[in-house]
Amino acid sequence: MGVLTFKASGEWVEGLRIDTRVRNFSLSFDEPPSLGGKDSAPNPVEGILAALIGCLGIVTVVVAREKNLPVERIAIEAEGDLDPRGFMGQYDIVRPGFLSIRFVVKVSGKLSEEELQWLLDEVKKRCPVSDVLSNGTEVSGRIERT
């Protein structure tokens, strides 16, 4: 299998709300009132946490199935610390992105401590979203008149 290209598009609706499209799905983003939005949807950094949880969950299921591990249930929590001064234009003081992200994957099933540790290590190695967040994927862009 060669390199796959994933695509998304989006449009500003009003206030700070952005509606996006990915294949046949729509995702909206906004900011809470404390950051100037109307709180009509999660903000983009919450979307990153949700994407990380989705990826960790999918990879955990895939790896557990590959190794026939007796996983019965998976629940995941994630949180990240962000200093809003970077978002507000003070990026010379602090970066605008997450300063750190932490997650916990809770697995139910009859797995030994060694199997749980191996599963965590393998999931961290194979999760594309975790890799993007951990390894500074190049992001490029341009702005153009329509």
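Residues numbered from 1 in each chain as written. Predicted model: local features only at pLDDT ≥ 70, side-chain atom pairs only at ≥ 80, totals over all residues. Heavy atoms only, no water.

(A) Looking closely at the confidence of the model for the protein. Taken residue by residue, the protein gives an average pLDDT of 95. The fraction at 70 or more is 100%. Least confident of the elements in the protein is helix H3 (residues 128–135), whose mean pLDDT is 95; most confident is strand E2 (residues 17–22), at 98. (pLDDT = per-residue confidence, 0-100. Helix = DSSP H or I, 4+ residues; strand = E, 2+ residues; numbered from the N terminus.)

(B) Representation of the sheet that holds strand E3 (residues 25–29) in the model. Overall, antiparallel pairing links the three strands, which are arranged E1-E2-E3 in an open sheet. In the strand order of this sheet, the two ends are held by strand E1 (9–14) and E3, each with one partner. Between one strand axis and the next, the sheet turns through 25 degrees on average, direction left out of account. With five bridges connecting them, E1 and E2 associate as antiparallel partners. Note on E2: the bridge partner recorded for Ser 9 is Arg 21. (Pairing = 2+ DSSP bridges. Axes fitted to C-alpha atoms, helices over the stretch in contact; angles between N-to-C directions.)

(C) Structural view of the environment of Ala 51. Among the structural elements, Ala 51 can be located in helix H1 (residues 44–66). Counting along the chain gives 79 residues from Ala 51 to Ser 130, while the straight-line C-alpha distance between them is 9.3 Å.

(D) Geometry of the pattern of salt bridges. Counting across every chain of the model gives nine salt bridges. Measuring nitrogen to oxygen at the nearest pair gives 3.8 Å for the salt bridge that ties Glu 14 to Lys 38. Placement of the pair is Glu 14 in strand E1 and Lys 38 in the loop between E3 and H1, with a sequence separation of 24 residues. A salt bridge links Glu 77 to Lys 106; the nearest nitrogen and oxygen atoms lie 3.2 Å apart. Of the two residues, Glu 77 sits in strand E4 (residues 71–81) while Lys 106 sits in strand E5 (residues 100–109), which places them 29 residues apart along the sequence. Judged by relative accessible area, which is 47%, Glu 77 ranks as partly exposed. The partly exposed category is assigned to Lys 106, whose relative accessible area is 40%. Residues participating in the shared-partner salt-bridge network are Glu 66, Glu 122 and Arg 126. (Salt bridge = Lys/Arg side-chain N within 4 Å of Asp/Glu carboxyl O. Buried < 20%, exposed > 50% of the residue type's maximum accessible area, 1.4 Å probe, protein only.)

(E) Fine view of the packing of H1 against H3. Across the interface, H1 lies against H3 with an axial gap of 7 Å and an inter-helix angle of 130 degrees. Here H1 is positioned oblique relative to H3, judged by the angle of their axes. Across the interface between the two elements, Ile 48, Ala 51, Leu 52, Cys 55 and Val 59 from H1 touch Pro 128, Val 129, Ser 130 and Leu 133 from H3. In the contact of H1 with H3, the residues fall into eight nonpolar, one polar and no charged. (Parallel < 35°, antiparallel > 145°, perpendicular 65-115°, else oblique. Contact = heavy atoms within 4.5 Å. Nonpolar A, V, L, I, M, F, W, Y, C, P; charged D, E, K, R; others polar.)

(F) Summary view of the environment of Val 13. The topology assignment puts Val 13 in strand E1. On the basis of relative accessibility, which here comes to 44%, the residue Val 13 falls in the partly exposed class. A C-alpha to C-alpha distance of 32 Å links Val 13 and Asn 135, two positions 122 residues apart in sequence.

(G) Summary view of a nonpolar patch on the surface. Judged by side-chain polarity, Met 1, Leu 4 and Phe 6 come together as a nonpolar surface patch covering roughly 490 Å² of accessible area. Assignment of secondary structure puts Met 1 in the segment before E1. (Patch = residues over 30% accessible without salt bridge, like charges linked within 9 Å, V, L, I, M, F, W, Y side chains within 5 Å. Areas by Shrake-Rupley, 256 points an atom, 1.4 Å probe, with all protein chains shown as cover.)

(H) Structural view of the packing of H1 against helix H2 (residues 113–126). At a closest axis distance of 9 Å, the pairing of H1 and H2 adopts a crossing angle of 125 degrees. Compared by their axis directions, H1 and H2 come out oblique. Our pair here, H1 against H2, has a crossing hand that is right-handed. Two secondary-structure elements touch here, H1 through Leu 56, Val 59, Thr 60, Val 62, Val 63, Ala 64 and Glu 66 and H2 through Trp 118, Leu 119, Glu 122, Val 123 and Arg 126. (Left-handed = near helix turned anticlockwise from the far one by under 90°.)

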